[in-house]
Amino acid sequence: KLFLASVSVVLIANRWNAPTFDPESLKGARVLVTGASTGIGEQMAYHYARFGAQIVITARREHVLKQVAERCLSLGAQKALYISADMSSESDPDKALSFALDQLGGLDYLVLNHIGPSPFSMWDGDVEHVRWIMKVNFFSYVQMAWKGLEALEKSKGSLVIVSSLLGKMASPFVAPYTATKSALNGFFGSLQHELAMKNSNVSLTICTLGLIDTEAAMEKVKGKTDVPAYPAADAALSMIVAGATRQPEDYYPWFTFYVAATKDWFPSITRYTVRNSYTYEP
Ligand code: NDP
């Protein structure tokens with residue numbers, strides 16, 4: 001009864017605080033989306049385009065970015081530019097950000113979404129991969145956020161960090177990836193407090209996603225779990241709305257909030273459920 005009462009209170013409180021999203025607020029907004037050649041980032045680019053934003057997209061594959069940018073223009077983007085950047089390099093995160101600032105004359109939304117490929121399997125001791133994935137999935141986020149903060153401060157803009165339920169709850173087969181998402185949650189959670197304490201103009205939204213039906217994710221989990229996957233376009237829209245309405249957090253699908261909130265109530269049940277959500281055949 002206590003559990004149900006708590007859940008109801010939280011549900012009502014969330015509903016009460018539900019922000020009103022004004023799509024017009026994104027018309028002409030200057031947006032940089034990383035990891036936008038495929039998956040959720042690509043869907044975010046299309047949504048921003050439909051809202052009439054000015055977009056810069058980045059990822060490594062230039063020919064794919066070109067196609068996404070063309071589609072953005074056809075969907076209504078005021079501008080759609082692209083720059084190829086490898087986020088494992090020391091200089092490319094800065095290069096992509098400078099390009100966006102120059103081309104857009106400032107920035108209203110910085111959406112950090114990219115991830116490098118990482119195996120979905122038992123950890124095999126590849127320390128070099130962990131070092132590399134931390135560079136791509138974490139250090140480049142820190143670097144770009146720092147470089148973008150001044151422009152966001154000027155524009156009263158928003159920083160959107162795409163994280164995962166796996167950054168809040170450890171699971172098998174994803175040790176290096178989970179490490180990067182936990183690092184994002186820790187770093188940007190701390191930064192969020194600091195910005196608020198400094199009365200900064202910048203809003204910071206940390207997004208927690210469950211399993212989303214992107215090609216990359218579906219390929220990885222095939223035959224290994226029956227956890228349901230949710231549409232990338234809906235995940236993308238949920239994060240855009242959360243960023244535009246300056247929410248500190250976004251959870252998609254909705255139940256990820258309750259999973260994250262209750263996972264430590266009965267740790268042994270959580271451990272049992274997590275381990276039994278995956279198939280393992282040695
Ligand atoms: P995808 O693998 O579909 O897309 C990854 C993007 O990052 C691509 O645009 C890719 O383009 C780019 N990328 C890969 N390596 C690099 C690199 N070294 N430098 C720059 N860009 C790179 O990922 P998803 O769309 O599935 O995920 C997007 C976000 O959502 C991630 O932050 C992920 O952690 C999060 N998320 C996803 C979930 C899911 O189930 N899909 C669940 C929870 C969170 P290119 O190859 O051209 O470089």
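The structure contained in this document is the topic of the report that follows. Being a predicted model, the structure only gives us computed values, none of them experimental.

### Examining a nonpolar patch on the surface
Then, number 1: Among the surface-exposed residues, Trp265, Phe266 and Ile269 lie close enough to one another that they form a single nonpolar patch of about 340 Å² accessible area.
Then, number 2: Of note, phenylalanine 266 is situated in the loop between α9 (255–262) and α10 (267–275).

### Here's the deal with the environment of leucine 26
Then, number 1: Its place among the elements puts leucine 26 in the loop between α1 (2–16) and β1 (30–34).
Then, number 2: Along the sequence, leucine 26 and arginine 50 sit 24 residues apart, while their C-alpha atoms lie 9.4 Å from each other.
Then, number 3: Beyond its immediate sequence surroundings of up to four residues, leucine 26 is in contact with Phe21, Tyr48, Phe51, Gly52, Ala53, Tyr109, Ile240 and Ala244.

### Structural notes on the site of the ligand
Then, number 1: The full set close to the ligand counts 31 residues, and Ser37, Arg61, Asn113, Tyr177 and Thr214 are the nearest of them.
Then, number 2: In this structure, isoleucine 115 approaches the ligand through a main-chain N or O atom, which is 3.4 Å from a nitrogen atom.
Then, number 3: A distance of 2.7 Å separates an oxygen atom of the ligand from a polar side-chain atom of threonine 214.
Then, number 4: Within the complex, the protein chains bury 93% of what would otherwise be the 890 Å² of accessible surface of the ligand.
Then, number 5: Of all the elements in the fold, those that place two or more residues in the shell around the ligand are α2 (39–50), α5 (127–155), β5 (158–164), α6 (175–197) and α7 (215–221).
Then, number 6: With three residues, β5 is the largest single contributor of residues to the shell around the ligand.
Then, number 7: When grouped by side-chain class, the residues that make up the shell around the ligand number 16 nonpolar, eleven polar and four charged.

### What to know about the packing of α2 against helix α8 (residues 232–244)
Then, number 1: Where α2 contacts α8, the axes come no closer than 8 Å and their chain directions differ by 60 degrees. As summarised for this structure, α2 and α8 are arranged oblique, according to the angle between their axes. As α2 packs across α8, the resulting crossing turns out to be right-handed. Between α2 and α8, the residues in contact are Ile40, Gln43, Met44, His47 and Tyr48 and Ala232, Ala233, Ala236, Leu237, Met239 and Ile240, respectively.
Then, number 2: Residue composition of the contact of α2 with α8, by class: nine nonpolar, two polar and no charged.

### As for the nonpolar core
Then, number 1: Tyr48 and Cys72 are the most contacted members of the largest nonpolar core, which totals 36 residues.
Then, number 2: Mapped by element, the contributors of at least two residues to this core are β1, α2, β2 (54–59), α3 (62–75), β4 (109–112), β5, β6 (203–209) and α8.
Then, number 3: Aside from chain neighbours lying at most four places away, what touches tyrosine 48 is Leu26, Val31, Val33, Ala53, Ile55, Tyr109, Val111 and Ile240.
Then, number 4: Core analysis: the next-biggest nonpolar cluster, separate from the first, contains 31 residues, Met87, Leu97, Leu112 and Ala183 among them.

### As for the pairing of strand β3 (residues 79–84)
Then, number 1: Bridge count for β2 against β3 is six bridges, and the pairing is parallel. The residue of β3 that forms the bridge with valine 56 is leucine 81.
Then, number 2: Taking the sense of rotation as the criterion, the β-α-β connection linking β2, α3 and β3 turns out right-handed.

### Examining the sheet that holds β5
Then, number 1: In spatial order, the strands read β3-β2-β1-β4-β5-β6-β7; together these seven strands make up an open sheet with parallel pairing. Looking along the sheet, the strands with just one partner apiece sit at the ends: β3 and β7 (249–252). If you compare each strand with its neighbour and ignore which way they point, the axes differ by 15 degrees on average.
Then, number 2: Bridging between β1 and β4 involves three bridges; their strand directions are parallel. The partner of valine 33 across the bridge, within β4, is valine 111.
Then, number 3: Against the sheet, α5 makes contact with β1, β4 and β5, and its axis sits at roughly 165 degrees relative to β4, the strand it touches most.

Parameters and conventions
Residues numbered from 1 in each chain as written. Predicted model: local features only at pLDDT ≥ 70, side-chain atom pairs only at ≥ 80, totals over all residues. Heavy atoms only, no water. Patch = residues over 30% accessible without salt bridge, like charges linked within 9 Å, V, L, I, M, F, W, Y side chains within 5 Å. Areas by Shrake-Rupley, 256 points an atom, 1.4 Å probe, with all protein chains shown as cover. Salt bridge = Lys/Arg side-chain N within 4 Å of Asp/Glu carboxyl O. Helix = DSSP H or I, 4+ residues; strand = E, 2+ residues; numbered from the N terminus. Contact = heavy atoms within 4.5 Å. Near = heavy atom within 4 Å. Polar contact = N/O pair within 3.5 Å; in protein donor to acceptor, adjacent residues only side chain to side chain. Nonpolar A, V, L, I, M, F, W, Y, C, P; charged D, E, K, R; others polar. Axes fitted to C-alpha atoms, helices over the stretch in contact; angles between N-to-C directions. Parallel < 35°, antiparallel > 145°, perpendicular 65-115°, else oblique. Left-handed = near helix turned anticlockwise from the far one by under 90°. Core = buried A, V, L, I, M, F, W, Y, C linked by side-chain atoms within 4.5 Å. Buried < 20%, exposed > 50% of the residue type's maximum accessible area, 1.4 Å probe, protein only. Pairing = 2+ DSSP bridges. Right-handed = clockwise from strand over helix to strand, strands pointing away.

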